[in-house]
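# A look at the structure
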Amino acid sequence: MAIIETRRLTKTFGRIQAVRGIDLDIEKGEIFGLLGPNGAGKTTTIGMLCTIVRPTSGTALIDGHDVGREPGEVRRSVGIVFQDPTLDTVLTGRENLALHAMLYGVPSGLRRKRMDELLELVDLKDRADDITRTYSGGMRRRLELARGLLHRPAVLFLDEPTLGLDPQTRARTWEYIRRMARNEKTTVVLTTHYMEEAEQVCDRVGIIDHGRIIALDTPERLKQQLGGYMVVLRAKDPPLGTIRALPYVSEVKESDGTLEIAVKEAHLHLPDLLSKVPNVECVETRVPTLNDVFIKLTGRDIREQDPGEDLGGWVESVARYRQRGK
């Protein structure tokens, strides 16, 4: 059963068409990743689903509520963890949760029980009454996750939830996200620049580029599209045309003399491939990753900048959203 449904969802900023007719169904209970280069339209898409950005045309339903006609119901159905910190650092962890509970109308008789449940879920019960400015970056992010779930939303939106965290803290944060999705039975929609995290955590991913969904499937099935193994080799003046013409080669990427070659049945074809490339300095094989799929489909790394998406309207909308206290 789809908890999020979009049909021909579109957003334009002046002459810029940031999102171009997206059709998307996200199932209840999924951890869904929306991936794309900077400027591809993912931030604007999330903004429309959260009612922060008004669609130009098309429809989007969140838990049965239309984002255009029922924005209040949609806001009550979603939780959001922004990329930038939004905690009040002069309040304790518990006070931050209590303030959020009041804003969302959580019944007073349930607030304490709900806060205690979530503080325990994110391992912050022992620090709940400490001022949040004394928290580490990872602790603050965990408190924001708990805050986003406090009113039992049907969908939790996470914008770069582990950006700026060290690798150990990132791994622990994903453990909390998986645990919360399972325990709270909440659908999670996230953006991330860490492709290996999306590969490990997401049930499905949608890759967006130039405002359109260009791929949508499980990480494993998307990787299978490349087929076989990636052969990585370094050689002087490699014959790219010859390599690309080989029947068992599906993709070739070259950078400063290093080739990444998608090869079907590499264990059979590697000797023949190497015989076609003179002056090989080194060679290794590995299984394809989601980043390989991403680069093949978009032609660029996820961190590359693209000025195509005008974020002025998004930034202003976020400011208004925070001012009205959701």
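Let us look at the structure shown here. (Residues numbered from 1 in each chain as written. Predicted model: local features only at pLDDT ≥ 70, side-chain atom pairs only at ≥ 80, totals over all residues. Heavy atoms only, no water.)

### A look at the overall build of the protein
For the record, the criterion: Runs of E in the DSSP output that reach at least two residues are strands. Runs of H or I that reach at least four are helices, and both are numbered from the N terminus. Burial status follows relative accessibility: with a 1.4 Å probe on protein chains alone, a residue under 20% of its type maximum counts as buried, one over 50% as exposed, and anything between as partly exposed. The contact definition used throughout considers only heavy atoms, calling two residues in contact when any of these lie within 4.5 Å. Positive charges come from Lys and Arg alone, negative charges from Asp and Glu alone, with His and the N- and C-terminal ends not counted. To locate a charge, the coordinates of NZ of Lys, CZ of Arg, CG of Asp or CD of Glu are taken.
Scanning the protein for helices and strands turns up 12 helices and 14 strands. With the C-alpha coordinates aligned to their principal axes, the bounding extent of the protein is approximately 75 × 45 × 35 Å. Taking all 326 residues of the protein together, 50% fall into the buried category. Here the analysis covers contacts within the protein between residues at least 6 apart in sequence; of these, 71% occur between residues at least 24 apart. For the protein, the distance from the average site of its 48 positive side-chain charges to the average site of its 48 negative ones is 5 Å.

### Notes on the side chain of lysine 11
Secondary-structure assignment places lysine 11 in strand β1 (residues 2-13). Take lysine 11: its relative accessible area is 14%, and that puts it in the buried class. Sequence-distant contacts of lysine 11, defined by excluding residues within four places in its chain, comprise Ile16, Gln17, Ala18, Val19, Thr44, Met48, Val53, Arg54, Pro55 and Thr56.

### Some points on the packing of helix α3 (residues 93-103) against helix α4 (residues 108-121)
As a reminder of what qualifies: Interaxial angles span 0 to 180 degrees and are taken between N-to-C directions of axes, which are lines fitted to C-alpha atoms, for helices over the stretch in contact. Roughly parallel refers to an angle under 35 degrees, roughly antiparallel to one over 145, roughly perpendicular to one between 65 and 115, and oblique to any angle outside these ranges. Crossing handedness follows the turn of the near helix against the far one: under a right angle anticlockwise gives a left-handed crossing, and clockwise gives a right-handed one. Note that Gly is not counted as nonpolar here; it falls among the polar residues with everything else outside the nonpolar set of Ala, Val, Leu, Ile, Met, Phe, Trp, Tyr, Cys and Pro and the charged set of Asp, Glu, Lys and Arg.
Two elements in contact, α3 and α4, have axes whose closest approach is 10 Å; the angle formed by their N-to-C orientations is 130°. One finds that α3 runs oblique with respect to α4. For the crossing formed where α3 meets α4, the hand is right-handed. The residues of α4 that touch α3, namely those facing Arg94, Leu97, Ala98, Ala101 and Met102, are Arg111, Arg112, Met115, Asp116 and Leu119. Looking at the contact of α3 with α4 residue by residue, the classes come out as 6 nonpolar, no polar and 4 charged.

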